[in-house]
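A look at the structure
The residues making up each chain are set out below.
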Number of protein chains: 4
Amino acid sequence: MTISAAMGAQRQLRRDAAENRELLLAAAAQVFAEQGLAAGVEEIARAAGVGVGTLYRRFPTKEALVAELVQDVLEKMSALADEATLVPSGQGLERYLEASSAYQAEHRGCLPKLWNISPDNEALVRVRRTIARLLAEAKHHGQVREDVTATDLTMLMWSIRGVIETTRDIAPDAWRRHLALLLAGLRPSSAPLGHRPMTRAQVDQVLADPS
Amino acid sequence: MTISAAMGAQRQLRRDAAENRELLLAAAAQVFAEQGLAAGVEEIARAAGVGVGTLYRRFPTKEALVAELVQDVLEKMSALADEATLVPSGQGLERYLEASSAYQAEHRGCLPKLWNISPDNEALVRVRRTIARLLAEAKHHGQVREDVTATDLTMLMWSIRGVIETTRDIAPDAWRRHLALLLAGLRPSSAPLGHRPMTRAQVDQVLADPS
Amino acid sequence: MTISAAMGAQRQLRRDAAENRELLLAAAAQVFAEQGLAAGVEEIARAAGVGVGTLYRRFPTKEALVAELVQDVLEKMSALADEATLVPSGQGLERYLEASSAYQAEHRGCLPKLWNISPDNEALVRVRRTIARLLAEAKHHGQVREDVTATDLTMLMWSIRGVIETTRDIAPDAWRRHLALLLAGLRPSSAPLGHRPMTRAQVDQVLADPS
Amino acid sequence: MTISAAMGAQRQLRRDAAENRELLLAAAAQVFAEQGLAAGVEEIARAAGVGVGTLYRRFPTKEALVAELVQDVLEKMSALADEATLVPSGQGLERYLEASSAYQAEHRGCLPKLWNISPDNEALVRVRRTIARLLAEAKHHGQVREDVTATDLTMLMWSIRGVIETTRDIAPDAWRRHLALLLAGLRPSSAPLGHRPMTRAQVDQVLADPS
DNA sequence: AATGAATGAGTGTTCATTCAT
DNA sequence: TATGAATGAACACTCATTCAT
């Protein structure tokens, strides 16, 4: 066997490896969405058309696979936030909230663990920065009351996640009603909100808490 | 031994049994709160200071224990709703939402889904009736917009539960901020909410769904 | 309380104790017959109308209760054998085999353990002596071939026990057909049986074997 | 790695798997023989030198393992019956009874009830058909009385099983004496047997009874 | 002496992870 | 490298036995 052939084989293997990785992530997303996080790894491997050994070659533990899935979701959120910045008149925030909620609703399952993210996670930092911009613009256009903070929006998304997890099987877009109520709550008002917002540090701690 | 002494002994035994029952429910609430519903029965028994056999003497299955816990919470909610009816000027609803959320925050986790309740459950029927009254009165006093339904309030509580579960360890009353936002959303407004509410049947299905 | 009253109470208790004993044995016989030896002690106590504690006061272990039941069966067998000696013309043996099989069929359940008897057990010694007499008389009247031994009869009863255990639920008197075949085998014949009989010592070992 | 090498590996894996399967069946047969069907799966796995997980990979439940054992015995019985058809002069039946009893004696206990067999089981149908032929031929050669039925032979084997279970540890071939007696009972005689035989339907019910 | 609540070792079964092939 | 067979700790649940009342 020649060197180039060996390298070709290597390259081939690398490509296969990458393919397997994507295959596994997609399979896991689907299986978790259908059966919840309690689904077995064997099931995921089968859905991906590989053996469990291959799964464990790509991801050291089931938890790591979930973390990867969460990372993917975060990247998607970041992309959605970026797209929302193109919406004019301060309505990007609303667009983002709707789009990211819809995405969560379609990819439920790994979401219970949307914690366990390091606060230094690059995608997290990015999406936060973008959301801060969307929020500022929304306030600037008078779409959102001045006393709303970025941490309020984080909490808002946790709240929608709770609704999605609870209702998805029976009423897949019930969350839209809840979002409508939340948006109504965000609108400008003379009455101040009745409690201080979470601090950024608290939010970071929540995300990092592995419980 | 006299009859009264015998009865005393009987009562004593019964009291012990009842004590153990309460002990087990309390232990289960705590352990589930700390570790989630996946916590083992052995752990719960240990926390209650009894053997697993005793747990199974009181509750035929783990699921039955959970159901009992849920029932207890429901009873408490019903009591809180009843108390809230005494608040004047249509502000009972707000009082109820705050009180029941605070109760959940203190007893978090026992009930990741407020699980497996029959729609015919008497306590559920009662609490729903009371909440409907609180809602009607709030509307009547102009505290709440006309297009809010009882199912919106159910969803609202699911959403608060999601926030509580996520934040409790780090920011035990962060949910108050979220509730403030929700209450702001409930206030009268000329703009209609952007999505139809869940139907009662859907809510019933969600509650009965064992997933 | 006077001494005589105390003694009266004592006597009362003694009578109750004996009553309870019989009650428990009867209950155990019935429950084992219905559900097999795997039936729980709680079930037996309930059938006897007492608590498990009382059962354990009378019998140190479940196994001891079974042993007592076995002893009762043995006593009954002995009585049946005695009655059979009154049958004329050497047909007492046949009578005994039929009667003891019928008794076993009605009291199945403890019988799987009709071993575990000490070879010195008085009732066992008695029934053996009587059966030996019945066998000798049957031979004397030409009802049974000469080369049949007492140990053959023991084995014969094990064989019937096996048939009873297997068929009782579906065909409660199928054993009668099997006994008819065995009796036909016992009839005189010029052809010798093809294998030496068990020794008495072997039978004793089988009975004493706790496996 | 070449395809043939890969297939070799595959075959190797499959052979190992099959080996483990046989190992487990043999271990189960032995453990059940020694301790009865109540023996734990852990014990069986240990006897086979594997973990419980492996046992459960091969057999979905303990019951399935037992069923497999029973099936194996049935297949063996069928083979023995087939061999016996080669014996001339109507003595094949006797040969079969001896051979199948000897087999049971060596594999005792695996099957306290020859358990849970569907009456449609192919091996059962086969062995029955062959035994019917052996019986007809035995009658034709005047070796067996005319009023003996196939169900009598089934009961006969249950009876031998009872004797084997009882005596095997102490007198491993005591059953031969019992079989001799049974064979004597099968010989032609003018006196009819004293009870009707079991029906085929009753036998089927006994086999299917899981008690 | 009688009760039945309490016990905990044991059961059959599952599943994340490892490792021989 | 990819496979899936093997592993064994963990799970929910049972039951013979003990012991406070």
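Quick caveat, the model's predicted, so the values are computed rather than measured.

What counts and how
Residue positions are given per chain, counting from 1 as you read along its sequence in written order. Just so you know, chain letters begin at A and ligand numbers begin at 1, following the order they were written in. With the structure being a predicted model, the display of local features is reserved for residues of pLDDT at least 70 and the display and counting of side-chain atom pairs for 80 or more, all residues being used for whole-chain, interface and lining totals. Only hydrogens and water are set aside; all other atoms, that is, all heavy atoms of the structure, feed into the side-chain values. Runs of H or I in DSSP of at least four residues are treated as helices and runs of E of at least two as strands, each being numbered from the N terminus. Three labels apply to residues, based on accessible area from a 1.4 Å probe with only protein chains included: buried if under 20% of the type maximum, exposed if over 50%, partly exposed otherwise in between. It only takes one pair of heavy atoms within 4.5 Å for two residues to be counted as in contact. The nonpolar core is taken to be a set of buried Ala, Val, Leu, Ile, Met, Phe, Trp, Tyr and Cys residues, with the residues joined through side-chain atoms within 4.5 Å. The least-squares superposition of copies is restricted to C-alpha atoms, and to residues with a pLDDT of at least 70 in both copies. We define buried area as the total accessible area lost by two parts upon association, computed with a 1.4 Å probe and summed across both. We define a salt bridge as a contact between a side-chain nitrogen of Lys or Arg and a carboxyl oxygen of Asp or Glu at a distance within 4 Å. By the criterion applied in these results, polar contacts are pairs of N or O atoms within 3.5 Å in which, for protein atoms, one can donate a hydrogen and the other can accept it, and in which residues neighboring in sequence qualify only through two side-chain atoms. Amino acids are sorted into nonpolar (Ala, Val, Leu, Ile, Met, Phe, Trp, Tyr, Cys and Pro), charged (Asp, Glu, Lys and Arg) and polar (every other residue, Gly among them). One less than the residue count of a helix, multiplied by 1.5 Å, gives the span that helix is expected to have. Here a residue counts as near a molecule or strand whenever at least one of its heavy atoms sits within 4 Å of it. Working convention for charge: Lys and Arg count positive, Asp and Glu count negative, and His plus the chain ends are omitted.

Regarding the overall build of chain A
In terms of regular secondary structure, chain A is built from nine helices and zero strands. Counting the 211 residues in chain A, one finds 48% classified as buried. Of the contacts formed within chain A by residues at least 6 apart in sequence, a portion of 73% connects residues at least 24 apart.

Regarding the nonpolar core
Of all hydrophobic cores here, the largest spans 130 residues; its most connected members are Y96(A) and Y96(B). Ignoring any residue separated from it by four or fewer positions in sequence, one finds Y96(A) in contact with M77(A), L80(A), A81(A), A84(A), V127(A), I131(A), L134(A) and M157(A). Among the nonpolar cores identified, the runner-up in size contains 129 residues, and A105(C), A123(C), L55(D) and L179(D) belong to it.

Here we look at the relation of the copies chain C and chain D
Screw-axis analysis of chain C against chain D gives a translation of 0.1 Å along the axis, an RMSD of 0.8 Å, and a rotation angle of 178°. The superposition of one copy onto the other is thereby described by a two-fold rotation axis. Looking at chain C, 98% of its interface residues are interface residues in chain D too, so the copies touch through the same face.

Focus on the interface of chain A and chain B
With 40 residues of chain A at the interface, the matching set in chain B holds 40 residues. Taken over both partners, the interface formed by chain A and chain B buries close to 3400 Å², and the fraction arising from carbon and sulfur atoms is 68%. Three residues, I170(A), R177(A) and L181(A), lead the burial of chain A against chain B; their summed loss comes to 24% of the area buried on that side. Our count for the contact surface shared by chain A and chain B stands at two salt bridges. Linking chain A with chain B are ten residue pairs in polar contact (both at pLDDT 80 or more), by the criterion used here. Looking at the side of chain A that touches chain B, the elements with two or more residues in it are α7 (150-167), α8 (174-186) and α9 (200-208) of chain A. Residue composition of the side of chain A that touches chain B, grouped by class: 17 nonpolar, twelve polar and eleven charged.

A closer look at the relation of the copies chain A and chain B
Related by rotation about an axis and a shift along that axis, the two copies of the chain form a pair. Relative to chain B, chain A is turned by 178° and slid 0.1 Å along the rotation axis, the superposed coordinates differing by an RMSD of 0.8 Å. Residue by residue, 98% of the interface of chain A is reproduced at the interface of chain B, so both copies engage with the same surface.

Quick word on unusual backbone geometry
A negative phi holds for most residues other than glycine; trans holds for most peptide bonds. Residues and elements named next belong to chain A. The phi angle at S89 is positive, at roughly 65°, despite the residue not being glycine. Here S89 shows up in the loop between α4 (62-84) and α5 (92-106). You can call S89 partly exposed: its relative accessible area is 39%.

Side note on α7(A)
With 18 residues, α7(A) should reach 26 Å at 1.5 Å per residue; the first-to-last C-alpha distance of 26 Å fits that figure. Counting buried positions along α7(A) yields 15 of 18 residues, so the element is predominantly enclosed.

Thoughts on the protein's contact with DNA strand E
For DNA strand E, the set of nearby residues contains 33 residues, the closest of which are N20(B), R57(B), R58(B), T54(C) and Y56(D). Between G51(B) and DNA strand E, the recorded distance is 2.6 Å, taken from a backbone N or O atom to a phosphate oxygen. Here a phosphate oxygen of DNA strand E sits 2.6 Å away from a polar atom, N or O, in the side chain of K62(D). Those elements that place two or more of their residues in the surface near DNA strand E are α3 (52-58) of chain A, α3 (52-58) of chain B, α1 (3-35) and α3 (52-58) of chain C together with α3 (52-58) of chain D. Across the surface near DNA strand E, the residue classes tally to 13 nonpolar, 14 polar and six charged.

Looking at the interface of chain C and chain D
Counting residues at the interface gives 40 residues for chain C and 40 residues for chain D. Interface area for chain C against chain D, summed over the two sides, is near 3400 Å², with a carbon-plus-sulfur share of 68%. In this assembly, chain C and chain D are joined by two salt bridges. For the salt bridge of R177(C) with D152(D), the shortest nitrogen-to-oxygen distance reads 2.6 Å.

As for helix α6 (residues 122-140) of chain B
Residue and element names in this part refer to chain B. The end-to-end C-alpha distance of α6 is 27 Å, a good match for the 27 Å that 19 residues give at a rise of 1.5 Å each. Here α6 has its buried residues at A123, L124, V127, R128, T130, I131, L134, L135, A138 and K139. The N-cap of α6, judged by a side-chain oxygen 2.9 Å from the amide nitrogen of A123 a few residues on, is N121.

Remarks on the protein's contact with DNA strand F
Close contacts around DNA strand F come from 31 residues, with T54(A), K62(B), N20(D), R57(D) and R58(D) the closest. Y56(B) is positioned such that a nitrogen or oxygen atom in its side chain is 2.8 Å from a phosphate oxygen of DNA strand F. Residue R58(D) places a side-chain N or O atom 2.3 Å away from a phosphate oxygen belonging to DNA strand F. Every element with two or more residues in the surface near DNA strand F is listed here: α3 of chain A, α3 of chain B, α3 of chain C together with α3 of chain D.

As for the environment of L135(B)
All names here are of chain B. Tracing the chain through its elements places L135 in helix α6. The spatial distance from the C-alpha of L135 to the C-alpha of R145 is 9.9 Å, given a sequence separation of ten residues. When residues no more than four places from it in sequence are discounted, the contact partners of L135 are L93, V144, V148, T149, A150 and L153.

What to know about the side chain of K139(D)
Residues and elements named next belong to chain D. Take K139: it is sitting in helix α6 (residues 122-140). Buried charge without a salt bridge: K139, with E146 as the nearest opposite-charge side chain at an N-O distance of 4.7 Å. Within the structure, K139 has its side chain in polar contact with the backbone oxygen of V148 (distance 2.8 Å). Setting aside anything within four residues of it in sequence, one finds K139 in contact with V144, R145, E146 and V148.

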